[in-house]
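As a plain string of letters, each chain reads:
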Amino acid sequence: MATEEPNNPPQPPSSIPQYSEMIMAAIEALNDKGGSNKSSISKYIESTYGDLPAAHSTLLAHHLNKMKQSGDLVMVKNNYMKPDPNAPPRRGRGRPPKPKVPLPPGTVLAPPRPRGRPPKPRDPFAPVSPPKKASSGSGKPRGRPPKKPKVGTSSAPAPATGAPRPRGRPPKVKPAVVPVGC
């Protein structure tokens, strides 16, 4: 019985080189003017290196994307090719940062400004007041004040007169109808 951990995927045999090397070798060997597409790269790798892992197409797509992001490959019209060595480096998204002007030697930089709103300027002619003790805002306590009991009412509830009041809006009182011409 093999004592292999189930969480680790099986390592490819050492006879197969790294995917990035195989991809570069395939692009060089195919030597297409407009670059090589993923299927032609895959067919070349399969024909050259016979013993490939089962997830070959997934690994190939992953490594092609990784190499495209790092700048090792350039993608033009769904074809991968080596980048032109004379081409300028690819710029990232957004506005480029301003170029930093080199400072002459011996210049001392001022400390950066603190964040937030600057404090109010102090009046030099104001009398010096003793320092206040730390308080949280005004002298009132925080939150809603507690409900105070009503003064002058007895603590016993009022006697009930008949049935309790029903829920909802009371019905509109209709005036008594007086017969006309009697």
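Summary of the structure given here. (Residues numbered from 1 in each chain as written. Predicted model: local features only at pLDDT ≥ 70, side-chain atom pairs only at ≥ 80, totals over all residues. Heavy atoms only, no water.)

As for the pattern of salt bridges
Inspection of every chain in the model, using the stated rule, returns one salt bridge. Between Glu28 and Lys82 there is a salt bridge whose closest N-O contact spans 2.3 Å. One end of the pair, Glu28, is in helix H1 (residues 19-30); the other, Lys82, is in the segment after strand E2 (79-81), with 54 residues separating them in the sequence. (Salt bridge = Lys/Arg side-chain N within 4 Å of Asp/Glu carboxyl O. Helix = DSSP H or I, 4+ residues; strand = E, 2+ residues; numbered from the N terminus.)

What to know about H1
Given a rise of 1.5 Å per residue, 12 residues ought to cover 16 Å, and the 16 Å separating the end C-alpha atoms of H1 matches this to within 8%. Taken together, the buried positions of H1 are Tyr19, Met22, Ile23, Ala26 and Ile27. For H1, the buried positions fall inside an angular range of 130 degrees around the axis, keeping them on one side. At its buried positions, H1 is contacted by helix H2 (38-48), helix H3 (56-70) and E2. (Expected span 1.5 Å × (residues − 1). Buried < 20%, exposed > 50% of the residue type's maximum accessible area, 1.4 Å probe, protein only. Arc of directions from axis to C-beta. Contact = heavy atoms within 4.5 Å.)

With respect to the nonpolar core
Core analysis: the largest hydrophobic core is formed by 14 residues, its most contacted members being Ile23, Ile41, Ile45, Leu60, Leu64 and Leu73. For this core, the secondary-structure elements that each account for two or more residues are H1, H2 and H3. For this core, the element with the highest residue contribution is H1, accounting for five residues. Ignoring any residue separated from it by four or fewer positions in sequence, one finds Leu64 in contact with Ile23, Lys38, Ile41, Leu73 and Tyr80. (Core = buried A, V, L, I, M, F, W, Y, C linked by side-chain atoms within 4.5 Å.)

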